[in-house]
Amino acid sequence: MSPICTAIAASLSTLMLHPAPTSITASLQQAETERADLGGGLYMLTGNGGNILFSTGDDGTFVVDSQFANVAEQNLELIKEVSDGPIVFVLNTHFHGDHTGGNKAFYSEGATIIAHENVRSRLANTPEARAIDTDTFPVITFSENTTFYWNSDEFRVMHAADAHTDGDAFLYLPKSNVIHTGDLMFAGRYPYVDLGSGGSVGGAISALEAIHDLADKDTRIVPGHGPLSSRDDVAATITMLQATRALVRAEMMKGLSRDEVIAADPLAEYNGTWSWRFIDGDRMTGTQFDDLMATDAEAKAAVDAGPAKEAKAVPASATKVTASSDAMINDDDPQTATTRLEAAQDETEQAVNKARSRAAEVIEDLTKIESDSEDADDPQQ
Ligand SMILES: [Zn+2]
């Protein structure tokens, strides 16, 4: 469940179980929903929960996402103001409550609910979602892609595997040149990647790349949250996700723990632009860390090894041995050379195998030199 849903759904579940204090109800309805006309019978609703895209026309109304239950009546009014046709379909881009909470109201209007098959299974198995009327679960599900030929356009619905969740879908309307990303994109903000519900940073990046490839410079992008966006905004999100991933990974390669990586504040230069109330720099760092621990064996190994081993493994130790050995080989005093080698050996014992084996080679060389020196001394005596 998204942080938005978690915070508000917690309040909503309280509302369902107990009479709601007026103040809570008021705070849940504080945002004003705005309807934007995208032309060609398409509209966007923003302000409460995930952005809604709806299409009006001769075939009836097609709605993408249903926001929260407590704003559903208001949203129905905003839709009916511009269309008197029936609401035929509601497609959920994923299972989070700020995108599915209004399903019941739309279902009551006669709409058929559609979503990826994992949306239905998650709605059926998530404690918060179980409180929702099962009649409002998706009754048509798909596993990959599906297309609706509707209101003189195509609604190409594509599944994005393991991205924001494991049941994401985004829509491309080629004639209208509009894309609804679901929560694959939070415009200008760090995205929420729900690792606990099958999401992954790599999957989120792949999905955004697919969306970027579909778009051209004129495509209107309806993000899951935030204002209408462009292909360039998608590109900026991809770049940010890749860069922040690399920054967190660099800290992990030092052998730092999760808390230590967060304390190092590796995303400082990005936080001013991308951080927001629910996903600040620390949370984004934690998400990148957790995702890398699950998907990047090298980064995980470095973290598991810890900073101690990492510090002792620095090449400087090996370099020192090499430098000493060079001096020893040219040293006139084998005894001094032996002492220095032993010191180097002590240090090398705690270093990586490479340094250790190099020291062993040096010992072998030195023994040979000592032997040669003794042989040479004999004639002088
Ligand atoms: Zn979400």
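Residues numbered from 1 in each chain as written. Predicted model: local features only at pLDDT ≥ 70, side-chain atom pairs only at ≥ 80, totals over all residues. Heavy atoms only, no water.

Visitor: Tell me about the coordination of the zinc ion, and please be specific about residues and values.
Guide: For the zinc ion, every protein donor is listed as His94 (NE2), His96 (ND1), His164 (NE2) and Asp183 (OD), and the spread of their distances is 2.1 to 2.3 Å. For the zinc ion, the donor residues sit on a single chain with the sequence spacing H-x1-H-x67-H-x18-D. Comparing His94 with His96 shows no difference in burial state: the two are buried. (Donors = N, O, S within 2.8 Å, 3.2 Å for Na, K, Ca; no water. Buried < 20%, exposed > 50% of the residue type's maximum accessible area, 1.4 Å probe, protein only.)

Visitor: Just give me the short version of the packing of helix α8 (residues 201–214) against helix α9 (residues 231–252), but keep the residues and values in it.
Guide: Their axes nearest at 10 Å, the elements α8 and α9 cross at an angle of 155°. What the angle tells us is that α8 and α9 run roughly antiparallel. The two elements α8 and α9 meet at a crossing, and its hand is left-handed. Contacts between α8 and α9 involve Val201, Gly202, Ile205, Leu208, Glu209, Ile211 and His212 from the first element and Arg231, Val234, Ala235, Thr237, Ile238, Leu241, Gln242 and Arg245 from the second. The residue inventory of the contact of α8 with α9, partitioned by class, reads 8 nonpolar, 4 polar and 3 charged. (Axes fitted to C-alpha atoms, helices over the stretch in contact; angles between N-to-C directions. Helix = DSSP H or I, 4+ residues; strand = E, 2+ residues; numbered from the N terminus. Parallel < 35°, antiparallel > 145°, perpendicular 65-115°, else oblique. Left-handed = near helix turned anticlockwise from the far one by under 90°. Contact = heavy atoms within 4.5 Å. Nonpolar A, V, L, I, M, F, W, Y, C, P; charged D, E, K, R; others polar.)

Visitor: Account for α9, with residues named and values stated.
Guide: The end-to-end C-alpha separation of α9 is 32 Å, in line with the 32 Å expected for 22 residues at 1.5 Å each. Along α9, the positions that sit buried rather than exposed are Val234, Thr237, Ile238, Met240, Leu241, Ala243, Thr244, Arg245, Val248, Glu251 and Met252. (Expected span 1.5 Å × (residues − 1).)

Visitor: If you had to explain α8 to someone new, which residues and values would you point to?
Guide: The end-to-end C-alpha distance of α8 is 20 Å, a good match for the 20 Å that 14 residues give at a rise of 1.5 Å each. Elements in contact with the buried residues of α8: β9 (153–160), β10 (168–173), β11 (178–180), β12 (220–222), α9 and α12 (281–295). Taking the backbone nitrogen of Gly203 as reference, a side-chain oxygen 3.0 Å away marks Ser200 as the first, capping residue of α8. (Polar contact = N/O pair within 3.5 Å; in protein donor to acceptor, adjacent residues only side chain to side chain.)

Visitor: Explain the sheet that holds β12 to me, using residue names and the numbers behind them.
Guide: Spatial strand order, β8-β9-β10-β11-β12: 5 strands in an open sheet with mixed pairing. Every interior strand has two partners, whereas the edge strands, β8 (145–150) and β12, have only one. The average undirected angle you get between the axes of adjacent strands in this sheet is 15°. Sheet topology note: the β11/β12 ladder contains 3 bridges and is parallel. For Val178, the partnering residue across the bridge sits in β12 and is Arg220. Running at roughly 5° to β10, α8 makes contact with β9, β10, β11 and β12 of the sheet. (Pairing = 2+ DSSP bridges.)

Visitor: Before we move on, could you go through the pattern of salt bridges and cite the residues and values that matter?
Guide: For the structure shown, the criterion picks out 11 salt bridges. Glu154 serves as the salt-bridge partner of Arg156, at 2.9 Å between the closest nitrogen and oxygen. Judged by its relative accessible area of 25%, Glu154 falls in the partly exposed class. The partner of Asp296 in a salt bridge is Arg249, and the shortest N-O contact between them spans 2.5 Å. (Salt bridge = Lys/Arg side-chain N within 4 Å of Asp/Glu carboxyl O.)

Visitor: Outline the packing of aromatic side chains, listing residues and values.
Guide: Applying the stated criterion across every chain yields a total of 9 aromatic pairs. Taking the centre distance of 5.1 Å and the plane angle of 80° together, the rings of Phe62 and Phe148 count as edge-to-face. In this pair, Phe62 sits in strand β4 (residues 61–64) while Phe148 sits in strand β8, placing the two residues 86 residues apart along the sequence. The class for Phe62 is buried, based on a relative accessible area of 0%. Between Trp276 and Phe278, the aromatic rings sit 5.8 Å apart at their centres with planes inclined by 70°, giving edge-to-face as the arrangement. Taking the relative accessible area as the measure of exposure, Trp276 reaches 12% and is therefore buried. A relative accessible area of 23% means that Phe278 is categorised as partly exposed. An aromatic cluster is present here, built from Phe62, Phe89, Phe148, Trp150 and Phe155 joined pairwise through their rings. (Phe/Tyr/Trp six-rings, centres within 6.5 Å; stacked < 30°, edge-to-face > 60°.)

Visitor: Can you explain the sheet that holds strand β6 (residues 112–116)? Please cite residues and give values.
Guide: On the basis of which strands lie adjacent, the open sheet formed by 7 strands has the order β1-β2-β3-β4-β5-β6-β7 and mixed pairing. The open sheet has two free edges, formed respectively by β1 (34–39) and β7 (140–142), since each of these has just one partner strand. Going across the sheet, the axis of each strand differs from the next one's by a mean of 20°, ignoring polarity. Bridging between strand β3 (residues 52–55) and β4 involves 3 bridges; their strand directions are antiparallel. Paired with Phe54 across the bridge in β4 is Val63. With respect to the sheet, helix α6 (residues 117–125) is in contact with β6 and β7, its orientation differing from that of β6 by roughly 105°.

Visitor: Summarise the side chain of His99; cite the residues concerned and give the values.
Guide: With respect to the element layout, His99 can be found in helix α4 (residues 97–100). When its relative accessible area of 0% is taken as the criterion, His99 is described as buried. In this structure the side chain of His99 is engaged in a polar contact, spanning 2.8 Å, whose partner is the side chain of Asp65. Setting aside its immediate chain neighbours within four residues, His99 contacts Gly50, Asp65, Ser66, Gln67, Asn92, Thr93, His94, Asp183, Gly224 and His225.

Visitor: Report on the packing of α9 against α12, specifying residues and quantitative values.
Guide: To describe two helices that pack against each other, one gives the angle between their axes and the distance between the axes. Relative orientation of the contacting elements α9 and α12 amounts to 70°, with a least axis distance of 9 Å. Classed by the angle they form, the pair α9 and α12 counts as roughly perpendicular. In contact with Leu241, Thr244, Arg245, Val248, Arg249 and Met252 of α9, α12 contributes Met284, Thr285, Gln288, Phe289, Asp291, Leu292, Met293 and Thr295. Tallied by class, the residues present in the contact of α9 with α12 amount to 7 nonpolar, 4 polar and 3 charged.

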